[in-house]
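# Summary of the model geometry
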Amino acid sequence: MRLSLLTTTTAALLATTTMAFAAGELNIYNWGNYTNPELIKKFEEKYDVKVTVTDYDSNTTALTKIEAGGSGFDIVVPTSSYVPIYVEKGLLLETRPDQMENFKNVAKRWVDVPWDPGRHYTVPWQWGTTGVAVNKKTYSGDPNTSAIFLDPPAELVGKVNVVPEMNDVINMTIFYVGGEACTEDKEVLKKVRDTLVAAKPKWLSMDYGTTDKLKSGEYQATVNWNGSTFRARLENPDVVYGYPKEGYPLWMDAVAVLKDAKNVENAKLFQNFIMEPENAALISAFARYANGIAGSEEFMPADMKGAPELDTPEEFQAAGQFLPFCPKSARDIYTAIWTELQK
């Protein structure tokens, strides 16, 4: 999921097409700075397909664009908690990844998942956690709490960023005030609303582009994803990732083909292509998240093994959970809170 926003177009066509298995185009709609150009180049050269990658900054942005129709995209990469929404709205093509050649490489944990039972629509892209990141030179206290952004200590006031991902932020706040994911409890939701409204004046921004700004020190703290924080730490060793003890989301982003895709066969080729261990490793090597493909580890950078952003300390493991598919009634309440927060 998940880093600084940009839009890239890559096209590397073979000089001849005698060895190509496919031809044409593929239009991918994915999170910003989340797609390895080397992966795209490899796919283009193997299949003689021109790939265009367009970026977005949140699940809400992507869903709104796709739901409006006529996007021109073939592939989208929603987070696990959003996949059922796409299916419910009839936006995805049932491509049956479970019947593809490379599905045998999907790690057992990810073969049959609640958000896509039997994997009829999606294949793994990457998975990780949403927590907080801080610069330890500015803040030397405990980073493993959502108080970093919901009740910032004095040294972080005015220096905190919050990523614009509604589900993550709302649910982290629900956990912080003692509620459960998908709650519709009015008392809990009033606390959530009041906590966020009180906290917002202490924030610097609500921005998706966290990696470079964490690295540079423009952001001294932020709600952030683990891989993005990992990338920032590689350039700035003062960056530390925290696992909120009150509760934090686990997620998997998944590659799905849109029902109105114009390049369906190329999209299916891409789904199968990224289930090859060596190709999945390219995805992880760029964005620094785990990918869900067995055997990919041997192809990944050595510094990913044992990285604190990827290996959750045992004491915080129980606090992480995959966000369930909330009923529309709950989603509507969360959207109302989120909308108020944008004012």
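This section reports on the structure supplied with the text. (Residues numbered from 1 in each chain as written. Predicted model: local features only at pLDDT ≥ 70, side-chain atom pairs only at ≥ 80, totals over all residues. Heavy atoms only, no water.)

### Re the overall build of the protein
The helix and strand tally for the protein stands at 12 helices and 11 strands. Since a compact globule built from 343 residues should have a radius of gyration of about 20 Å, the 20 Å found for the protein is in line with a globular shape. Taken along its principal axes, the extent of the C-alpha atoms in the protein is 65 × 45 × 35 Å. Each of the 343 residues in the protein was classed as buried or not, and the buried ones make up 57%. Contacts spanning at least 24 positions in sequence make up 77% of the contacts within the protein whose residues lie at least 6 apart. In the protein, 34 positive and 45 negative side-chain charges are present, and the distance between their average locations comes to 2 Å. (Helix = DSSP H or I, 4+ residues; strand = E, 2+ residues; numbered from the N terminus. Rg over C-alpha atoms; globule rule 2.2 N^0.38 Å. Buried < 20%, exposed > 50% of the residue type's maximum accessible area, 1.4 Å probe, protein only. Contact = heavy atoms within 4.5 Å. Lys, Arg positive; Asp, Glu negative; His and termini not counted. Charge placed at Lys NZ, Arg CZ, Asp CG, Glu CD.)

### Side note on the packing of aromatic side chains
Inspection of the entire model under this criterion finds 23 aromatic pairs. Aromatic side chains Y29 and F73 sit 4.2 Å apart centroid to centroid with 10° between the ring planes, which places their arrangement in the stacked category. Residue Y29 is located in strand β2 (residues 24–31), and its partner F73 is located in the loop between α2 (59–68) and β4 (75–76); the two are separated by 44 residues in the primary sequence. F73 shares its class with Y29; the two are buried. (Phe/Tyr/Trp six-rings, centres within 6.5 Å; stacked < 30°, edge-to-face > 60°.)

### Considering the state of the cysteines
Scanning the model with the defined rule gives 1 disulfide in all. Disulfide partner of C182: C326, at an S-S distance of 2.0 Å. With the S-S dihedral at roughly -90°, the linkage between C182 and C326 falls on the left-handed side. Residue C182 is found in the loop between α5 (166–176) and α6 (186–199), and its partner C326 is found in the loop between β11 (320–322) and α12 (328–341); the two are separated by 144 residues along the sequence. Pair check on accessibility: C182 and C326 agree, each one buried. (Disulfide = S-S within 2.5 Å.)

### Overview of the nonpolar core
Within the largest apolar cluster, 87 residues are counted, with the highest numbers of intra-cluster contacts made by F149 and F270. With residues near it in sequence (within four places) discarded, F270 still touches L26, I28, L39, I40, F43, I75, W125 and V255. With 6 residues, the next largest nonpolar core counts Y241, L250, F316 and A319 among its residues. (Core = buried A, V, L, I, M, F, W, Y, C linked by side-chain atoms within 4.5 Å.)

### Considering the pairing of strand β5 (residues 122–135)
The buried count for β5 comes to 14 of 14 residues, which makes it a mostly enclosed element. Bridge count between β5 and strand β10 (residues 248–257): 7 bridges; the pairing is antiparallel. Paired with T129 across the two strands is L250, which belongs to β10. Across 5 bridges, the pairing between β5 and strand β8 (residues 221–225) is antiparallel. Residue pairing for β8: T130 is matched across the bridge by W225. (Pairing = 2+ DSSP bridges.)

### Things to note about unusual backbone geometry
Notably, N33 is not glycine yet its phi reads approximately 55°, a positive angle. Take N33: it is sitting in the loop between β2 and α1 (37–47). The phi angle at D48 is positive, at roughly 55°, despite the residue not being glycine. Looking at the secondary structure, you find D48 in the loop between α1 and β3 (49–56).

### Regarding the pattern of salt bridges
This model, assessed by the stated rule, comprises 15 salt bridges. Its salt-bridge partner being D194, residue K190 comes within 2.8 Å of it at the nearest N-O pair. A residue pair is termed a helical-turn pair when its members lie 3 or 4 positions apart in one helix, as K190 and D194 do in helix α6 at 4 residues. For K213, the salt bridge identified is with D207, shortest N-O distance 3.0 Å. Through salt bridges that share partners, K190, R193, D194 and E340 make up one connected network. (Salt bridge = Lys/Arg side-chain N within 4 Å of Asp/Glu carboxyl O.)

### Overview of a negative patch on the surface
Taken together, the side chains of E101, E276, E278, E297 and E298 make up a negatively charged region of the molecular surface. Summarising the element assignment, E276 is placed in the loop between α9 (264–273) and α10 (277–287). (Patch = residues over 30% accessible without salt bridge, like charges linked within 9 Å, V, L, I, M, F, W, Y side chains within 5 Å. Areas by Shrake-Rupley, 256 points an atom, 1.4 Å probe, with all protein chains shown as cover.)

### Notes on the environment of I66
By secondary structure assignment, the location of I66 is in helix α2. Once residues lying within four places of it in the same chain are set aside, the contact partners of I66 are Y29, S71, F73, V76, Y86, L91 and L258.

### Comments concerning α1
Within the span of α1, buried status applies to L39, I40, F43, E44 and Y47. Looking down the long axis of α1, one finds its buried residues gathered within 130° of arc, a one-sided arrangement. In this structure N36 caps α1, since a side-chain oxygen of it lies 2.9 Å from the backbone nitrogen of E38. Following α1 by one or two positions, D48 adopts a phi angle in the positive range, close to 55°. (Arc of directions from axis to C-beta. Polar contact = N/O pair within 3.5 Å; in protein donor to acceptor, adjacent residues only side chain to side chain.)

### As for the environment of G90
Within the fold, G90 resides in the loop between α3 (83–88) and β5. Considering only alpha carbons, one finds G90 and L258, 168 residues apart in sequence, at a separation of 9.1 Å.

By themselves, these observations are geometric and do not establish any function.
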